[in-house]
Amino acid sequence: VQLVESGGGLVQAGGSLRLSCEASGIIFSIAAMGWYRQAPGNQRELVAAVTRGGSTNYADSVKGRFSISRDNGENTVYLQMNSLKPEDTDVYYCYVQGSSGSKWWGQGTQVTVSS
């Protein structure tokens, strides 16, 4: 299983970015896809997740600003990030969780929000 992320970068506070993550390989059943983020020295934090059925879950810190969506046919997940804040600066990691509970991770994409 390979996850390819794109869309990170540098943006000013209040701006927007859209992250994409495409999963490829032998994926018989994806239960959920989503995004974590992690700053150096910190624990990885769940940002948003979406199940195959479309149920979503967000960290309190991003509710109302971030939106996750998924294209099941393309095994792709998107994270639309609006009203970005400097505290959103992190490396963002895409993940896929199979029906067995196994998780696969992307390589991470840097998001930097300047004040």
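Bear in mind that the values here come from a model prediction, so they are computed numbers and not experimental data.

Some points on the overall build of the protein chain
So, point 1. Within the protein chain, the regular secondary structure consists of 0 helices and 11 strands.
So, point 2. The C-alpha radius of gyration computed for the protein chain amounts to 13 Å, which stays within 12% of the reference 13 Å derived for 115 residues, consistent with globular compactness.
So, point 3. Seen through its principal axes, the protein chain has C-alpha atoms that stretch 45 × 25 × 20 Å.
So, point 4. In the protein chain, buried positions account for 42% of the 115 residues.
So, point 5. In the protein chain, the proportion of contacts linking residues at least 24 apart, taken out of those at least 6 apart, comes to 53%.
So, point 6. With an accessible surface of roughly 5900 Å², the protein chain has 44% of that area assigned to carbon and sulfur atoms.
So, point 7. Between the centroid of the 9 positive side chains of the protein chain and the centroid of its 9 negative side chains there is a distance of 4 Å.

Here's the deal with the packing of aromatic side chains
So, point 1. For the structure on display, the rule yields 3 aromatic pairs.
So, point 2. Measuring from centroid to centroid gives 5.4 Å for Tyr36 and Tyr95, while their planes differ by 70°, and the two rings are edge-to-face. In this pair, Tyr36 sits in strand 4 (residues 30-38) while Tyr95 sits in strand 9 (residues 90-98), placing the two residues 59 residues apart along the sequence.
So, point 3. Given the relative accessible area of 4%, Tyr95 is considered buried.
So, point 4. Look at Tyr36 and Trp105: their rings are 5.2 Å apart centre to centre, the planes differ by 70°, and that puts the pair in the edge-to-face class. On the criterion of sequence distance, the pair formed by Tyr36 in strand 4 and Trp105 in strand 10 (residues 103-105) is long-range, its members being 69 residues apart.

Looking at the nonpolar core
So, point 1. Residues Trp35, Leu79, Met81 and Tyr92 are the most contacted members of the largest nonpolar core, which totals 26 residues.
So, point 2. The set of elements that each furnish at least two residues to this core consists of strand 3 (17-24), strand 4, strand 5 (45-51), strand 7 (66-71), strand 8 (76-81), strand 9 and strand 11 (109-114).
So, point 3. Not counting residues within four places of it along the chain, the set of residues in contact with Tyr92 comprises Glu5, Leu19, Trp35, Tyr36, Arg37, Val47, Phe66, Leu79, Met81, Gly108, Thr109 and Val111.

Let's talk about the side chain of Ser20
So, point 1. Within the element layout of this structure, Ser20 appears in strand 3.
So, point 2. Once residues lying within four places of it in the same chain are set aside, the contact partners of Ser20 are Val4, Glu5, Ser6, Trp35, Val77 and Tyr78.

Regarding the side chain of Thr76
So, point 1. Structurally, Thr76 is set in strand 8.
So, point 2. Excluding anything up to four places from it in sequence, Thr76 contacts Cys21, Glu22, Met33, Ser69, Arg70 and Asp71.

Details of the state of the cysteines
So, point 1. Counting across every chain of the model gives 1 disulfide.
So, point 2. Two residues share a disulfide in this structure: Cys21 and Cys94, whose sulfurs sit 2.0 Å from each other. Looking down the S-S bond of the Cys21 and Cys94 bridge, the torsion is -80°, so its handedness is left-handed. Taken together, the positions of Cys21 in strand 3 and Cys94 in strand 9 put the pair 73 residues apart, joining distant regions of the chain.

Procedures and definitions
- Residues numbered from 1 in each chain as written.
- Predicted model: local features only at pLDDT ≥ 70, side-chain atom pairs only at ≥ 80, totals over all residues.
- Heavy atoms only, no water.
- Helix = DSSP H or I, 4+ residues; strand = E, 2+ residues; numbered from the N terminus.
- Rg over C-alpha atoms; globule rule 2.2 N^0.38 Å.
- Buried < 20%, exposed > 50% of the residue type's maximum accessible area, 1.4 Å probe, protein only.
- Contact = heavy atoms within 4.5 Å.
- Areas by Shrake-Rupley, 256 points an atom, 1.4 Å probe, with all protein chains shown as cover.
- Lys, Arg positive; Asp, Glu negative; His and termini not counted.
- Charge placed at Lys NZ, Arg CZ, Asp CG, Glu CD.
- Phe/Tyr/Trp six-rings, centres within 6.5 Å; stacked < 30°, edge-to-face > 60°.
- Core = buried A, V, L, I, M, F, W, Y, C linked by side-chain atoms within 4.5 Å.
- Disulfide = S-S within 2.5 Å.

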